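Reading the structure
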Number of protein chains: 2
Amino acid sequence: MNYCSQCGGPVALTVPPDDDRPRYVCPACGTVHYQNPKLVVGCIPIWEERILMCRRNIEPRKGFWTLPAGFLENDETVAAGARRETFEETGSRVTDLAPYLMVDIVYIHQIYMMYRCRLQAPDFHPTRESSEVKLVAEAEIPWDEIAFPVIEKTLHHYLLDWSTGRFSFRTDRIDAPPKSLQQKR
Amino acid sequence: MNYCSQCGGPVALTVPPDDDRPRYVCPACGTVHYQNPKLVVGCIPIWEERILMCRRNIEPRKGFWTLPAGFLENDETVAAGARRETFEETGSRVTDLAPYLMVDIVYIHQIYMMYRCRLQAPDFHPTRESSEVKLVAEAEIPWDEIAFPVIEKTLHHYLLDWSTGRFSFRTDRIDAPPKSLQQKR
């Protein structure tokens, strides 16, 4: 951040009065520009004991497999965002959403909220964001081609709970980028 | 938003390519300025069956009672944010945090995440943000002086689950400001 989005003047990184950490502050108009983590919302869509996965058609990690997820938008509930992302990435409509897993990814300022849910029908198709969309049984999960660690974690949690038949709300965290991504930088 | 925080040029509200909603976009440098909901994180701190509440010493709703909560910051987990806010507002240290209630407040672009937790010790005190901090039994909750509807909801959920002895992760939503706040506008 270089300039004030309110008045256009240059901002300074400084600790405002009654605050305890540096913020981008505009010396001209006084606006404090807070920067906060973003919520990424998504689904584990299920149809007859199989999981709907999609192959990314966009960067980052184009060509790798993921669960539908994306940034929560203003003017939508968390569940509505998860449903929207699932439709955008897989063309499918989901129902019976249950909050399932919250993952802190502090180093990129993201919080994931993943829902368990059911497909309304086995209707899905490739989209602008997904070159391939398919239902996979546990044995068919492409573990070597998963796009992001948070998706790997989500699948592991889900399969563990699935094996016991008891699902409860879970939390997890990812503290550093995977080596494969670090090497790319 | 009027100006680009990257280059300082005026922004335009327009739908970017491959997007489906208007964003503030900088025609000069091409930056898209996404705006997303913020997470507010807080606690229901318990000591010997009483709830730690605080009287707000800052606007909005100065003088009204609340549970400790505030905006999640970058570089902290959701639970760490809830612990920090509780310390800042009540001077107390909490432990055994369990995610308890997520509330969509779509019209102000906020998602609340409230934790159940225990005080490490009955140590708390007024702070810059709270003119009074105290442990209240169920019968002592100041229902007519609660700062925000989300706090009222949190207390109601908690007391209901407390009465049955069974706590599970819950969700709720608030779709419009309370009449008392609407009249103020």
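Residues numbered from 1 in each chain as written. Chains lettered and ligands numbered in written order. Predicted model: local features only at pLDDT ≥ 70, side-chain atom pairs only at ≥ 80, totals over all residues. Heavy atoms only, no water.

Observations regarding the overall build of chain A
Filter applied, for reference: Secondary structure elements are taken from DSSP: a helix is a run of H or I of four residues or more, a strand is a run of E of two residues or more, and numbering for both begins at the N terminus. Throughout, exposure labels follow a simple rule: accessible area from a 1.4 Å probe, protein chains only, divided by the maximum for the residue type, with under 20% read as buried, over 50% as exposed, and the rest as partly exposed. Note on contacts: a residue pair qualifies if any of its non-hydrogen atoms lie within 4.5 Å across the two residues. Here, Shrake-Rupley sampling with a 1.4 Å probe gives the accessible areas, and only protein chains in the shown set may cover a residue. Charged-residue counts in this description rest on Lys and Arg as positive and Asp and Glu as negative, His and the chain ends being excluded. Working definition for charges: the position is that of NZ of Lys, CZ of Arg, CG of Asp or CD of Glu.
Along its length, chain A carries three helices and 11 strands. The order of α-helices and β-strands along chain A, N terminus first, is β-β-β-β-β-β-β-α-β-β-β-α-β-α. Considered along the principal axes of its C-alpha atoms, chain A spans approximately 60 × 35 × 35 Å. For chain A, the proportion of its 185 residues judged to be buried stands at 49%. Considering only contacts in chain A between residues 6 or more positions apart, those separated by 24 or more positions represent 60%. Carbon together with sulfur atoms contributes 48% to the accessible area of chain A, which is approximately 9,000 Å² in total. On chain A, the mean spot of the 22 positive side-chain charges and the mean spot of the 25 negative ones are 3 Å from each other.

Quick word on the relation of the copies chain B and chain A
As a reminder, the rule being used: Copies overlap after least-squares fitting; the atoms used are the C-alpha atoms of residues with pLDDT of at least 70 in both.
The two copies are related by a screw operation: chain B maps onto chain A through 180 degrees of rotation and 0.0 Å of translation along the axis, at an RMSD of 0.0 Å. Read as a symmetry element, the transformation amounts to a two-fold axis. The share of interface residues of chain B whose copies in chain A are also at the interface is 100%, consistent with both copies meeting through the same surface.

Structural notes on the packing of aromatic side chains
All names here are of chain A. Quick reminder of the rule: Any Phe, Tyr or Trp ring, taking Trp's six-membered ring, that has another such ring centre within 6.5 Å forms a pair; planes under 30 degrees apart are called stacked, those over 60 apart edge-to-face, and the others tilted.
In total, this model carries nine aromatic pairs over all chains according to the counting rule given. Note on Y100 and F167: the rings are 5.9 Å apart at their centroids and 75 degrees apart in plane angle, and the pair reads as edge-to-face. On the criterion of sequence distance, the pair formed by Y100 in strand β8 (residues 94–105) and F167 in the loop between α2 (149–164) and β11 (170–173) is long-range, its members being 67 residues apart. For Y100, a relative accessible area of 0% translates into the label buried. With a centroid separation of 5.1 Å and an interplanar angle of 35 degrees, the aromatic rings of Y158 and F167 are classed as tilted. Ring pairs connect the aromatic residues Y100, Y158, W162 and F167, which therefore count as one cluster.

As for the pairing of strand β8 (residues 94–105) of chain B
In the case of a regular strand, side chains alternate between the two sheet surfaces. Residues and elements named next belong to chain B. The condition that has to hold: DSSP bridges decide pairing: two strands pair if at least two such bridges lie between them.
When β8 meets strand β9 (residues 110–119), the two strands line up antiparallel, connected through nine bridges. Paired with V94 across the bridge in β9 is L119. Here β8 folds back onto β9, and the loop between the two strands holds four residues, one of which, H109, carries a positive phi near 60 degrees.

Here's the deal with helix α1 (residues 78–90) of chain A
Residues and elements named next belong to chain A. Quick reminder of the rule: A helix is expected to span 1.5 Å for every residue after the first.
Taking 1.5 Å as the rise per residue, α1 with 13 residues should run 18 Å; its terminal C-alpha atoms sit 18 Å apart, in good agreement. Buried within α1 are the following residues: V78, A79, G81, A82, R84, E85, T86, E89 and T90. Two residues or fewer after α1 comes G91, characterised by a positive phi angle close to 70 degrees.

Focus on the domain arrangement of chain A
Inclusion rule: Start and end points for every domain follow an automatic or database-based domain assignment.
You can read the domains of chain A as domain 1 (1–35) and domain 2 (38–176). Look at where the C-alpha atoms of domain 1 of chain A and domain 2 of chain A centre, and you get two points 36 Å apart.

Comments concerning the confidence of the model for chain A
A low pLDDT means the predicted coordinates there should not be read in detail. The test is simple: You can read pLDDT as the predictor saying how much it trusts each residue, on a scale of 0 to 100.
Across chain A, pLDDT averages 95, with 97% of residues at or above 70. The ipTM, which scores confidence in the relative placement of chains, is 0.94 for this predicted complex, and the corresponding pTM is 0.95.

Some words on the nonpolar core
Keep this limit in mind: The definition of a nonpolar core used throughout is a set of buried Ala, Val, Leu, Ile, Met, Phe, Trp, Tyr and Cys residues joined through side-chain atoms within 4.5 Å.
Judged by nonpolar contacts, the single largest core of 42 residues is most densely connected at V78(A), M113(A), Y115(A), V78(B), M113(B) and Y115(B). With near-sequence residues (within four places) excluded, M113(A) lies in contact with L39(A), V40(A), V41(A), G42(A), V78(A), L101(A), M102(A), F169(A), M102(B) and M113(B).

Focus on the sheet that holds strand β1 (residues 12–14) of chain B
All names here are of chain B. Spatially, the three strands line up as an open sheet ordered β1-β2-β3, and their pairing is antiparallel. Bordering the open sheet on either side are β1 and β3 (32–33), each of which pairs with just one other strand. Sheet analysis places β1 next to strand β2 (residues 23–25), joined by three bridges and oriented antiparallel. In the sheet register, T14 faces β2, and the bridge partner there is R23.

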